[in-house]
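Descriptive structure summary
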Amino acid sequence: MLRTSAAIAAGKLTRAVAKRRGGGSALPGLVAEKVDPKILGHALGGLPGGIVVVSGTNGKTTTTRMLVALLRAHGLSVFTNPTGSNFTRGVISALLGEVGLRGRPVADVAVLELDEAHALKFADAVTPTHALLLNVARDQLDRFAEIDHTAKLLAQLAARTSKGVVMNRDDSFVARSAEGVKTGVTIDYFGVDDSIAHRLPELMEQDTRVDDEYVVPPAGADDILLRPVDERSLEILVGPHGAGGIVGPVELKQRGLAAMINATAATAMARRLLGSRFDAATAANALATVTAPFGRGEVIDADGAPLELVLVKNPAGFTVALSTYGSTPVRTMIAINDNYADGRDVSWLYDVSFESLREVGVSLTSGVRAYDMALRLQYDEVPVADVEPDLESALDRFLRERDGQPARIFCTYTAMMTLRRRLAERYNLPAFGEEGS
Amino acid sequence: MSKGEIHVVHLYPREMSIYGDLGNTRTMTARLARHGYTPVLHQHHPGAAFPDQAHLVLGGGGQDSGQARVEADLEVIAPRLRSLAAAGTPMLMICGMYQLFGKAFVTVEGKRLPGLGILDVTTQGNPKRMIGPVVLSTDFGDVVGYENHSGSTTLGADQAAFGRVRSGFGNNGEDGSEGARTGNVFGTYLHGPILPANPVFADALLSYAVPLATGAPFEPGDLDDTFAEEARTRQVRRLVS
């Protein structure tokens, strides 16, 4: 315990310094972890409501926000890692803000967003009581090399969870990991209702591991199912036709099918955690208040007209984003970097179809790989008005030339960070890491 | 009026195209159309009959699981691929398919799996992956792409390489060679995908394919490759200084 206290003190000091300098969400965690590698276990081990890990390729940040909102609306105090730094060090950094030197956070339950590899590292330190498994898609193969490998990581996470696993019934990579779940651990499923099952192929990766094609089983009475009402509103059904209850209709602040699936996943986990305390009306109200995380469909009021910032990380995510926004075409810019956090290989752009942009065209491509993006669009016969690799010049020009009209920027992670910083200066927005939770 | 029909065969688009290699096929059909030809695309899946006409054959990279699922079919269509190759049909095989077009793949455990043997290369399974952006010097100028492979490939004594590595690992990270070329058959580790980013190489493949289909030499149209040239030369400048 002495060691934990020392680690927390060292981490808190680093955090104070880092905050003053305005950055570095993982560094304080790194320092604390160096002083006491078991700090996580000590600090989180005793939470009465358990430790929930949210993992998968797409939607972790949004789903985590929604789950936290759902639990808080039901009166629970929740510890979470809200800055989107989904590595163990990010968790420790977040923890440092909320614990005393004895190392116990004042919370009922922890809800943590962790990427697939770090979720396992985390499980080495602390056994998660619950895991919410979203999906497996191709993402930053530099780091994970193959999606089969990513699927294995999630299956291992499921196998190491002690109380309950909630998983995506429509994703074969995820659903197949049910086999490894320990006996006595509950398994709940979320997915989409029959009415939109035809849209699943645009969301799912091809699973080539086994000969038999994955067939989604008929929904069980306790499965949590998404039924969209229109582009922004949805209902969440318990069992087919909502025989076990219905949450909603709810209008989300974020648009599109991906956000709706995230809401469904979060609701399934909240229902498992809360049991009989779960209240459909409370849940619907909570989901309606959740705002988009930074850069993930975030709408910025830029000189009186909306500017949407849409993070794109991989083919599945970009495809869903294009179909989400396809019905309301506006002036568009696409910014592609190839730093480590973006994925250094830009090949993935060829696994996305850009045909929906053909009619309005793209005003500007930007980022380190601006010309590669323009070339990609050319092969889908999407007109590209101009190319400006420098992000800040591109943003200035894009805002100037849009004549007060709504506009949208699709961007990779580090491009988003640069653009978001510029926009924060310009429009006086909260900076990264200062986001209210 | 069309200058002629060119049949393009994409081998195993479902199992072997995880790194955007579909972009190569898209590039070839689009460029054929822009040059004034009529592309006819055949997607060849395991178990299906190989198309009667094939003037250009493309194959991509896959995961180990995908590779395992195409091996049986590859054995069935092997005689056809060998005779097409001997007749000068251009073929471009990326990564996993490059390895399968070689003589053998030796797993980390030492198990020797025979390949098609159209290219005289042998690949040794390797615990370490070779990952990163690549610049090559080739017969078609500087070629850019992205490699991501764990296999380490060695050329046979008389086997020509596709290019020399200017930046990156190449076949094995040691001898400076990248890929292989025998006649009009090319194997390479380069994703990116390689063809949209390197239009000179793309059109060279078309110039081999067209006479097989029409009996007349390739008559290129006037294509605007400004974006591709900018993208390519910027990568070369970034990586080779």
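Every chain is numbered independently, its residues counted from 1 as its sequence is written. Naming scheme: in the order in which they are written, chains are lettered from A and ligands are numbered from 1. Where local features are concerned, this predicted model is filtered to residues with pLDDT of at least 70; where side-chain atom pairs are given and counted, the filter is 80 or more; whole-chain, interface and lining totals use all residues. The side-chain quantities take in all heavy atoms of the structure and omit both hydrogens and water.

Attention shifts here to the overall build of chain B. When you go through chain B residue by residue, the secondary structure sums to 6 helices and 14 strands. C-alpha atoms define the radius of gyration in this analysis, and the globule rule sets the expected value at 2.2 Å times the number of residues to the power 0.38. Taken against the 2.2 N^0.38 rule, which gives 18 Å for 241 residues, the C-alpha radius of gyration of chain B at 17 Å falls within 12% of a compact globule. Projected onto its principal axes, the C-alpha coordinates of chain B cover approximately 55 × 45 × 30 Å. Of all 241 residues assigned to chain B, the portion counted as buried reaches 58%. Note on contacts: a residue pair is in contact if any heavy atoms of the two residues lie within 4.5 Å. A fraction of 69% describes how many contacts in chain B between residues 6 or more apart in sequence connect residues 24 or more apart. Counting from the N terminus, the helices are DSSP H or I runs at least four residues long and the strands are E runs at least two residues long. Buried means the residue's accessible area, taken with a 1.4 Å probe over protein chains only, is under 20% of the maximum for its type, while exposed means over 50%, and partly exposed covers the values in between.

Let us look at the packing of helix α4 (residues 60–73) of chain A against helix α10 (residues 256–274) of chain A. Residues and elements named next belong to chain A. Every angle, taken between N-to-C directions, lies between 0 and 180 degrees, and every axis is a line fitted to C-alpha atoms, over only the stretch in contact when it is a helix. Contact geometry for α4 and α10: axes closest at 8 Å, N-to-C directions at 40 degrees. Classed by the angle they form, the pair α4 and α10 counts as oblique. Crossing hand, α4 versus α10: right-handed. Of the residues in α10, those touching α4 at T62, T63, M66, L67, L70 and L71 are A259, N262, A263, A265, A266, T267, M269, A270, L273 and L274. Angular relationships are summarised with four words: roughly parallel below 35 degrees, roughly antiparallel beyond 145, roughly perpendicular across 65 to 115, and oblique for the angles in between. The handedness criterion is simple: a crossing whose near helix is rotated anticlockwise from the far helix by less than a right angle is left-handed, and one whose near helix is rotated clockwise is right-handed.

Moving on: the domain arrangement of chain A. All names here are of chain A. Segmenting chain A into domains produces domain 1 (2–289) and domain 2 (296–427). Each partner contributes to the interface: domain 1 provides 19 residues, whereas domain 2 provides 24 residues. Two parts lose some accessible area (1.4 Å probe) when they are put together, and adding that loss for both gives the buried area. Both faces considered, domain 1 and domain 2 share a buried interface measuring about 1700 Å² in area, 41% of it formed by carbon and sulfur atoms. Between Lys or Arg on one side and Asp or Glu on the other, a salt bridge is scored when a side-chain nitrogen of the former is within 4 Å of a carboxyl oxygen of the latter. Counting every contact that joins domain 1 to domain 2 gives 0 salt bridges. Of all the elements in the fold, those that place two or more residues in the side of domain 1 that touches domain 2 are α4, α7 (141–144) and α10. In terms of residue count, the dominant contributor to the side of domain 1 that touches domain 2 is α10 (3 residues). The split into domains, and so the bounds of each, comes from an automatic or database assignment of domains.

Our next topic: the pattern of salt bridges. All chains considered together, the criterion is met by 26 salt bridges over all chains. One salt bridge in this structure joins R272 of chain A and D188 of chain A, with 2.7 Å as the shortest N-O distance. On the criterion of sequence distance, the pair formed by R272 of chain A in helix α10 and D188 of chain A in strand β6 (residues 186–192) is long-range, its members being 84 residues apart. For E388 of chain A, the salt bridge goes to R397 of chain A, with nearest N and O atoms at 3.5 Å. Here E388 of chain A falls in the buried class, since its relative accessible area comes to 18%. Connected via shared salt-bridge partners are D338, R369 and D372 of chain A together with R238 of chain B.

It is worth spelling out the interface of chain B and chain A at this point. Listed by partner, the interface residues are 38 residues for chain B and 32 residues for chain A. Of the roughly 3000 Å² buried at the junction of chain B and chain A (both faces included), carbon and sulfur atoms supply 51%. When the buried area of chain B at its contact with chain A is split by residue, R26, Q63 and F227 of chain B rank highest and sum to 22% of it. D380 of chain A is paired through a salt bridge with R26 of chain B; the nearest N and O atoms lie 2.5 Å apart. Polar contacts here mean pairs of N or O atoms no more than 3.5 Å apart (in protein, one a potential hydrogen donor and the other a potential acceptor; neighbouring residues in sequence count only if both atoms are side-chain atoms). Our count for the contact surface shared by chain B and chain A stands at 6 residue pairs in polar contact (both at pLDDT 80 or more). Only α1 (22–34), α2 (64–86), β8 (130–138), β9 (141–149), α4 (194–197) and α6 (226–239) of chain B provide two or more residues apiece to the side of chain B that touches chain A.

In this section: the side chain of D193 of chain A. Residue and element names in this part refer to chain A. Looking at the secondary structure, you find D193 in the loop between β6 and β7 (224–228). Side chain to side chain, D193 and S195 meet in a polar contact 2.8 Å long. Setting aside its immediate chain neighbours within four residues, D193 contacts L225, L226, R227 and L237.

Attention shifts here to the pairing of strand β4 (residues 130–133) of chain A. Residue and element names in this part refer to chain A. Where burial is concerned, the two faces of β4 agree: the one with H130 and L132 and the one with A131 and L133 are both buried. As defined by bridge partners, strand β1 (residues 51–55) adjoins β4 across 4 bridges and the pair is classed as parallel. Within the sheet, the bridge partner assigned to V54 lies in β4 and is L132. We call two strands paired when DSSP finds no fewer than two bridges between them. Where β4 meets strand β5 (residues 164–168), 4 bridges bridge the pair, whose relative direction is parallel. Bridge pairing links A131 to V165 in β5.

Residue and element names in this part refer to chain B. Across the sheet, which stays open at both edges, the 4 strands sit in the order β9-β8-β11-β12 with antiparallel pairing between neighbours. The open sheet has two edge strands, β9 and β12 (177–178), and neither has a second partner. Examined bridge by bridge, β8 and β9 share 9 bridges and lie antiparallel to one another. Within β9, the position partnered with P133 by the bridge is Y146. Here α6 sits on the sheet in contact with β8, β9 and β11 (163–167), set at roughly 110 degrees to β8.

As a further point, take unusual backbone geometry. Look at the link from G248 of chain A to P249 of chain A: it is a cis peptide, with omega at 10 degrees. With respect to the secondary-structure elements, P249 of chain A resides in strand β9 (residues 246–251). Look at the link from G192 of chain B to P193 of chain B: it is a cis peptide, with omega at -20 degrees. For P193 of chain B, the location among the structural elements is in the loop between β14 (185–188) and α4. Positive phi is not limited to glycine here, since H241 of chain A has a value of about 60 degrees. Checked against the element boundaries, H241 of chain A lands in the loop between β8 (233–238) and β9.

The predicted model of chain A averages 83 in pLDDT, with 80% of residues at 70 or higher. Confidence over residues 433–437 of chain A falls short of pLDDT 50; this stretch has 7 contacts with residues more than four positions distant or in other chains. On a range of 0 to 100, pLDDT expresses the predictor's confidence in each residue.

Residue and element names in this part refer to chain B. Expected span of a helix, by definition, is 1.5 Å for each gap between consecutive residues, and there is one gap fewer than residues. With 14 residues, α6 should reach 20 Å at 1.5 Å per residue; the first-to-last C-alpha distance of 20 Å fits that figure. Listing the buried residues of α6 in full gives F227, A228, A231, R232, Q235 and V236. Projected down its long axis, α6 shows its buried positions confined to an angular sector of 160 degrees, all on one face. Directions drawn from the helix axis to the C-beta atoms are what define this arc.

In this section: the sheet that holds strand β14 (residues 384–388) of chain A. All names here are of chain A. Taking strand neighbours across the sheet as the criterion, the 6 strands line up as β10-β11-β15-β12-β13-β14 in an open arrangement whose pairing is mixed. At either end of the open sheet lies a strand with only one pairing partner, and these are β10 (296–302) and β14. Across the sheet, the mean angle separating the axes of adjacent strands is 20 degrees when strand polarity is ignored. Across 6 bridges, the pairing between β10 and strand β11 (residues 305–311) is antiparallel.

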